[in-house]
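Coordinate inspection notes
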Amino acid sequence: MTAFRKLSIALAAVTATLGLQGQAVAQDKVLNLYSARHYQTDEVMYDTFTRTTGIKINRVDADDAGIVARLRAEGAASPADVILLVDAARMASADSQGLFQPIQSAKLDAAIPANLRAAPGEGGVTWTGFSTRARVIVYDPMRVKAADVATYEQLADPKLKGLVCTRPGSHPYNLSLFATVVERLGDQKGEAWLKGVVDNMARAPKGGDTDQIKAVASGECGVALTNTYYIARLIKSDKPEDRAVMEKVRIVFPNQSTSGTHVNIAGAAVAKHAKNRDNAIQFMEFLASPFAQDYFANGNNEFPAVKGLKVANPAIKAMGGDNFKAETVPLASVAKNMTKVQQMLDRVGYK
């Protein structure tokens, strides 16, 4: 073999090696995100992560059920690194299907309260909440007194007969609340409470949370359940009809003198077969940063999950939600009640 031939082979080998190294570097700078969050304000948060870390985010948007179905179909071939879902019940369900992997992060352990995370197991924690939303009561002050809706338990009081409206009982927002109440009251009292709520319905459950608020404002209902960010959107709306709705209703953060108001989460997890695990953990830690927490609060009217952070969102302040007592029941322990509570809903006729 000639010297020139040997040199050519050597150069080709070096070029191939450099190419593979370059490819590896490129792969190191990628994060594949499957997200059920459909909020335009999150775009700035993602762009900031890319600018500060150099890690490009490839995002797939779908609803929670679509993401879970996709992960199951893709199996070990899934490119997903991080999963974002918008409810603790959904996080727990996906976790129970083996779609997440445990991680260890001292930063996340220090920042996020334990009750907003999965229970730690072998290898670490499988999912973590990064923002919270409170499930509150709105009522018509012309028909209902604030003292009569000070707790979730009072929704089953006969004095509210024909006044209560909710979205479907099995919707995850309601299911998480109901599972928490059952956790506190016990099975027998919890089911009796659900039956009392059904007996007080003004109409069959339907629509979303905004529909419930509007139904109270219109007089169709006297009392309704809703997540706080739906209220904040109406408060901040530039539509006169939305502001008119909020002028007709009042807001209660329930159980302030007892267990505290129920909070749910939007959370994240590292996918079971993540190819960019280190980038995924770095992104999870970024979500707990003051910058990202501020975006959750001001972009989508959510509350920070990080301990001690306050919000400056005027809509949240207007509804009185900048300093409320939140319940501390671990969402991970509540998740085990989901199937049982769904069976209770079926038995009491909560559609």
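Preceding block: the structure.
The present account deals with the structure reproduced in this document. (Residues numbered from 1 in each chain as written. Predicted model: local features only at pLDDT ≥ 70, side-chain atom pairs only at ≥ 80, totals over all residues. Heavy atoms only, no water.)

**A word on the pattern of salt bridges**
Counted only if it meets this: Only one rule defines a salt bridge in this text: a Lys or Arg side-chain nitrogen within 4 Å of an Asp or Glu carboxyl oxygen. Only protein chains enter the area calculation, which uses a 1.4 Å probe; residues under 20% of their type maximum are buried, those over 50% are exposed, and those in between are partly exposed. Elements are defined by DSSP. Helices are runs of H or I of four residues or more, strands are runs of E of two residues or more, and each kind is numbered from the N terminus.
A full pass over the atoms with the stated rule returns 17 salt bridges. Close ionic contact of Asp 109 with Arg 117 constitutes a salt bridge, the shortest N to O distance being 3.1 Å. Judged by relative accessible area, which is 11%, Arg 117 ranks as buried. The shortest N-O distance in the salt bridge between Glu 220 and Arg 203 comes to 3.2 Å. Residue Glu 220 is found in the loop between helix 8 (209-218) and strand 7 (223-227), and its partner Arg 203 is found in the loop between helix 7 (187-199) and helix 8; the two are separated by 17 residues along the sequence. For Arg 203, a relative accessible area of 13% puts it in the buried group. One connected set of salt bridges, linked through shared partners, spans Arg 37, Asp 42, Arg 133 and Glu 302.

**Topic: the side chain of Asn 227**
Convention followed: Distance and chemistry together define a polar contact, namely a pair of N or O atoms within 3.5 Å, with one atom able to donate a hydrogen and the other to accept it when in protein, and with adjacent residues in sequence counting only for side-chain atoms on both sides. Note on contacts: a residue pair qualifies if any of its non-hydrogen atoms lie within 4.5 Å across the two residues.
Along the chain, Asn 227 turns up in strand 7. A distance of 2.9 Å separates polar atoms of two side chains, one belonging to Asn 227 and the other to Arg 135. Here Asn 227 is in contact with Arg 133, Ala 134, Arg 135, Tyr 173 and Asp 209, once residues within four sequence places are set aside.

**Brief notes about the state of the cysteines**
Rules: Disulfide assignment relies on a single distance test, namely cysteine sulfur atoms paired within 2.5 Å.
Under the criterion given, the structure shown has one disulfide. Linked covalently through their sulfurs, Cys 165 and Cys 221 form a disulfide whose S-S length is 1.9 Å. When the S-S torsion is -80 degrees, as for the bridge of Cys 165 with Cys 221, the disulfide is left-handed. Residue Cys 165 is found in strand 6 (residues 164-165), and its partner Cys 221 is found in the loop between helix 8 and strand 7; the two are separated by 56 residues along the sequence. Judged by relative accessible area, Cys 165 falls into the buried class, the value being 0%. For Cys 221, a relative accessible area of 0% gives the class buried.

**Let's talk about helix 2 (residues 42-53)**
Which entries qualify depends on this criterion: The length a helix should cover is 1.5 Å for every residue beyond the first.
Between its first and last C-alpha, helix 2 extends 17 Å over twelve residues, near the 16 Å set by a 1.5 Å rise per residue. Among the residues trailing helix 2, Gly 54 stands out with phi positive, at a value near 80 degrees.

**Remarks on the packing of aromatic side chains**
To keep it simple, the criterion reads: Ring pairs are drawn from Phe, Tyr and Trp, using the six-membered ring of Trp, whenever the two centres fall within 6.5 Å, and their geometry is named by plane angle: stacked under 30 degrees, edge-to-face over 60, tilted for the rest.
All chains considered together, the criterion is met by eleven aromatic pairs. Ring geometry for Phe 291 versus Tyr 295: centroids 5.1 Å apart, planes at 45 degrees, classification tilted. Of this pair, Phe 291 and Tyr 295 both sit in helix 12 (residues 290-299), four residues apart, roughly one helical turn. Residue Tyr 295 is classed as partly exposed on the basis of its relative accessible area, which comes to 24%.

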